[in-house]
Amino acid sequence: MDAYGHVNHANTVTLLEEARIDLLFTEAVRHGVPDMAEGVVVARLVVDYLAPLVFTGDEIVVEMSVRELKSASFTLDYTVRNGRREGSPVVATAETLMVPYNLTAGRPRRLSEAERDFLAGWRAGGNGA
């Protein structure tokens, strides 16, 4: 919490990171795509704060989808809601430009076909979103 009783903006970014890790590492491995956990970095982050995120005891929900999918990058969109109920207020929207990265070589890499297929399932309106 910050001085105003709201969830601090840095903690909101951490919520995005936790949701992204769950998708790109846990969910990808569960779908047989372990390469994603080998290295993906955030190249750009944009957050629009629409309303204060105030602790109410409700779950905070982070919805994600893939907006743009290129050969060596992809964009994740996020909607952060204060609550799981229908009509729970949207408190933030965000996007991250993600770049697959070869940690050993220290440079960006292309997405594998399996990674592209996995991410395609998370396009807005797809199975994952």
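The name given to the protein chain in an unreviewed UniProt entry is Thioesterase family protein, with Saccharothrix mutabilis subsp. mutabilis as the source organism.

For the rest of this paragraph, the subject is the environment of Leu97. Relative to the assigned elements, Leu97 resides in strand 4 (residues 90-102). C-alpha separation for the pair Leu97 and Leu76, spaced 21 residues apart in sequence, amounts to 6.6 Å. In contact with Leu97, not counting residues within four places along its chain, are Val41, Val42, Ala43, Arg44, Ser73, Phe74 and Thr75.

Moving on: helix 1 (residues 9-30). If you check helix 1, its first and last C-alpha atoms are 31 Å apart, about what 22 residues at 1.5 Å a residue would give, namely 32 Å. The largest bend along helix 1 measures about 30° and falls at Asp22. Among all positions in helix 1, only Thr12, Leu16, Ala19, Arg20, Leu23, Leu24, Glu27 and Ala28 are buried. Summarising the contacts, the buried residues of helix 1 are in contact with strand 1 (40-49), strand 2 (60-69), strand 3 (74-82), strand 4 and helix 2 (113-120). After helix 1 finishes, the residue Gly32 shows a positive phi value of roughly 80°.

Conventions and cut-offs
Residues numbered from 1 in each chain as written. Predicted model: local features only at pLDDT ≥ 70, side-chain atom pairs only at ≥ 80, totals over all residues. Heavy atoms only, no water. Helix = DSSP H or I, 4+ residues; strand = E, 2+ residues; numbered from the N terminus. Contact = heavy atoms within 4.5 Å. Expected span 1.5 Å × (residues − 1). Bend = angle between axes of the 7 residues up to and from the residue. Buried < 20%, exposed > 50% of the residue type's maximum accessible area, 1.4 Å probe, protein only.

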